[in-house]
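Summary of the model geometry
One-letter residues, chain by chain:
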Protein chains: 2
Amino acid sequence: MTNEVRLIEVKEEIHADNDRVARDLRAQLGEKHTFLLNLMSSPGAGKTQTILRTIEELRSGLHFGVLEADIDSKVDAERIAAHGISAVQLRTGGLCHLDASMVAKGLAALDLDALDVVIIENVGNLVCPAEFDTGANKNVMILSVPEGDDKPLKYPLMFTVSDVLLVNKIDYLGLSDFDLGALKQRALRLNPRMQIFEISAKTGEGVAAWAAWLQREVRSAIGG
Amino acid sequence: MTNEVRLIEVKEEIHADNDRVARDLRAQLGEKHTFLLNLMSSPGAGKTQTILRTIEELRSGLHFGVLEADIDSKVDAERIAAHGISAVQLRTGGLCHLDASMVAKGLAALDLDALDVVIIENVGNLVCPAEFDTGANKNVMILSVPEGDDKPLKYPLMFTVSDVLLVNKIDYLGLSDFDLGALKQRALRLNPRMQIFEISAKTGEGVAAWAAWLQREVRSAIGG
């Protein structure tokens, strides 16, 4: 298996049956004992850096692959691949989200038998990705401190569909009037079962606790 | 004219003829001597604060109104209205962008004869809003420093369609590895005529230069 970046073109096809495709994909991945994680956030919230930190924390025990959605570049996939991680680039050609069939196409380019976990880096967008089930076992969103603590009020669906909220760039907290308590309250009002972790993907702070949660979820889903 | 927030529901209607609607709207606004500015950015890049700073700088000579697009809240429109500025809330109900007909609906709720400039705060999204001509005279985008200097590589259409790039949160420059020179080079490669201003909407730094540019554009478009 090579770590070269592969480029797959995906075209916009709105599948009325996306939910069915997602359900089937989840079942197939279950049979292969592969855990699929869908990571969503605004542009620049730190998805790629968070993926790298998370994999660094867990790669001694789990084998990771990454699906990189990007509108028009390969920079993120190349950054992942530079760390010796299998990465597939899904070029969306302007499309603002991924759906389950696009994810299935990307997964077909990975050797799933060799992978325990595949992380999808979705398109940087707090709106559209929240509307499409990708077939993932868990949805994780990042909100970075510079974006502000009011985002649950403005992008409620993203908070509603995400199992985990990673509050990233906590090293910026001192510089801003970001109210962590208010953010958590707003997020939990929308989604009382949401797991919330505070991290700095830059310094590594807090990543261990989030990674430990992920490891437990993966083990409980795929065994081992 | 009241400064209360009005709430208008807009439903998703994909207009094949959006370009025609936008062109007609621009012509109508020209007759009314009203300048329309379309402000776009990621969530949390500082659109509302930038609008407030810009209006503060120019309101002694120009009358402003604001159209606030928001998926599901009125917080931004209420913040604008609290400063005595006419604000209309366009609730998009999950839609990821505004098009010209939605903007026309919002403008109909403002007293355009009393306004020189209307600023549209578009949905927080670097993808979809770039695809729709809103009828604005100028498109302005904000990129905030914490989002990173690689965004022109990933969201090229937004940089291509914007007349102005406001690099916001320059008070964060010291905390990050953001390369302002690289950002400008990438942006200008996509759009050589792009005007670039560095601002901090929080501290007010740099806002005067951007506001002076806007004032000149408004005067040249509507006279006076």
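In this report, the structure presented in the accompanying data block is examined. Every value quoted in this text rests on a predicted model; they were computed, and no experiment measured them. One numbering rule holds for all chains: residues counted from 1, following each sequence as written. Here every chain gets a letter starting at A, and every ligand a number starting at 1, in the order they are written. Local features are withheld for residues below a pLDDT of 70 in this predicted model, meaning they are given only at 70 or higher, and side-chain atom pairs are given and counted only at 80 or more; totals for whole chains, interfaces and linings count all residues. To obtain the side-chain values, all non-hydrogen atoms of the structure were used and water was disregarded.

**A look at the environment of A:I51**
Put simply, the test is: Every helix listed is a DSSP run of H or I at least four residues long, and every strand listed is a run of E at least two residues long, numbered separately from the N terminus. Contacts between residues were defined by any pair of non-hydrogen atoms, one from each residue, lying within 4.5 Å.
In this fold, A:I51 is placed in helix α2 (residues 47–58). Once you skip the residues sitting within four places of it in the chain, A:I51 turns out to touch A:L39, A:V66, A:E68, A:I80, A:I119 and A:E121.

**A word on the packing of aromatic side chains**
Put simply, the test is: Aromatic pairing here means that ring centres of Phe, Tyr or Trp (its six-membered ring) are within 6.5 Å. Orientation follows from the plane angle: under 30 degrees is stacked, over 60 is edge-to-face, and everything else is tilted.
By the definition in use, this model includes seven aromatic pairs over all chains. Through a chain of ring-to-ring contacts, the aromatic side chains of A:F197, A:W210 and A:W213 assemble into a single cluster.

**Details of helix α2 (residues 47–58) of chain B**
Two residues of an α-helix separated by three or four positions point the same way, owing to the 3.6 residues in each turn. Residue and element names in this part refer to chain B. Which entries qualify depends on this criterion: Here the expected span of a helix is defined as 1.5 Å times the quantity of residues minus one. For each residue, the accessible area found with a 1.4 Å probe, counting protein chains only, is set against the maximum for its type, and the residue is called buried under 20%, exposed over 50%, and partly exposed in between.
For α2, built from 12 residues, the straight-helix expectation of 16 Å at 1.5 Å per residue is met to within 8% by its first-to-last C-alpha distance of 17 Å. Counting buried positions along α2 yields nine of 12 residues, so the element is predominantly enclosed. For α2, the set of buried residues is K47, T48, T50, I51, L52, R53, T54, I55 and L58.

**Focus: the pattern of salt bridges**
Heads up, the condition is: In the sections that follow, a salt bridge refers to a side-chain nitrogen of Lys or Arg positioned within 4 Å of a carboxyl oxygen of Asp or Glu.
Going through the model one piece at a time under the given rule, you end up with 22 salt bridges over all chains. Two residues, A:D76 and B:K154, come together in a salt bridge whose shortest N-O distance is 2.8 Å. Placement of the pair is A:D76 in helix α3 (residues 75–81) and B:K154 in helix α5 (residues 151–154), with the two residues belonging to separate chains. Among the ionic pairs, B:E198 bridges to B:K184, the shortest N-O distance being 2.6 Å.

**Some thoughts on the pairing of strand β2 (residues 35–41) of chain A**
Residues and elements named next belong to chain A. Our working rule: One requirement defines pairing of two strands: DSSP has to find at least two bridges between them.
Burial analysis of β2 places seven of its seven residues in the buried class, which makes it a mostly covered element. Here β2 shows two buried faces, one formed by F35, L37, L39 and S41 and the other by L36, N38 and M40. Judged from the five bridges that link them, β2 and strand β5 (residues 117–121) form a sheet pairing that is parallel. Across the sheet, residue L39 finds its bridge partner in β5, namely E121. Of the strand pairs in this sheet, β2 and strand β6 (residues 138–144) are connected by five bridges, and their pairing is parallel. If you follow N38 over to β6, its bridge partner there is N139.

**Considerations on empty space enclosed by the protein**
Short version of the rule: Of the grid points, spaced at 1 Å and generated over the protein atoms alone, those admitting a 1.4 Å probe that cannot get out make up cavities, while open sets with protein on both sides within 12 Å along at least five of seven lines make up pockets; any residue with an atom within 4 Å of a point is treated as lining. Grid points are joined across faces, edges and corners, and a volume is the space filled by probe spheres set on the points. Under the grouping applied here, Gly and all other residues not named as nonpolar or charged are polar, the nonpolar ones being Ala, Val, Leu, Ile, Met, Phe, Trp, Tyr, Cys and Pro and the charged ones Asp, Glu, Lys and Arg.
In the structure shown here, the tally under the stated rule is two cavities of 30 Å³ or more. Together, 14 residues line the largest cavity, and A:S144, A:E147, B:S144, B:P146 and B:E147 are the ones closest to its centre. Split into classes, the residues belonging to the lining of the largest cavity amount to six nonpolar, four polar and four charged. Counted as a void, the second largest cavity has a volume near 30 Å³. Every residue lining the second largest cavity is listed: A:L37, A:L39, A:T50, A:I51, A:T54, A:I119, A:L166 and A:W210. Secondary structure elements with two or more residues in the lining of the second largest cavity: β2 and α2 of chain A. The biggest single contributor to the lining of the second largest cavity is α2(A), with three residues.

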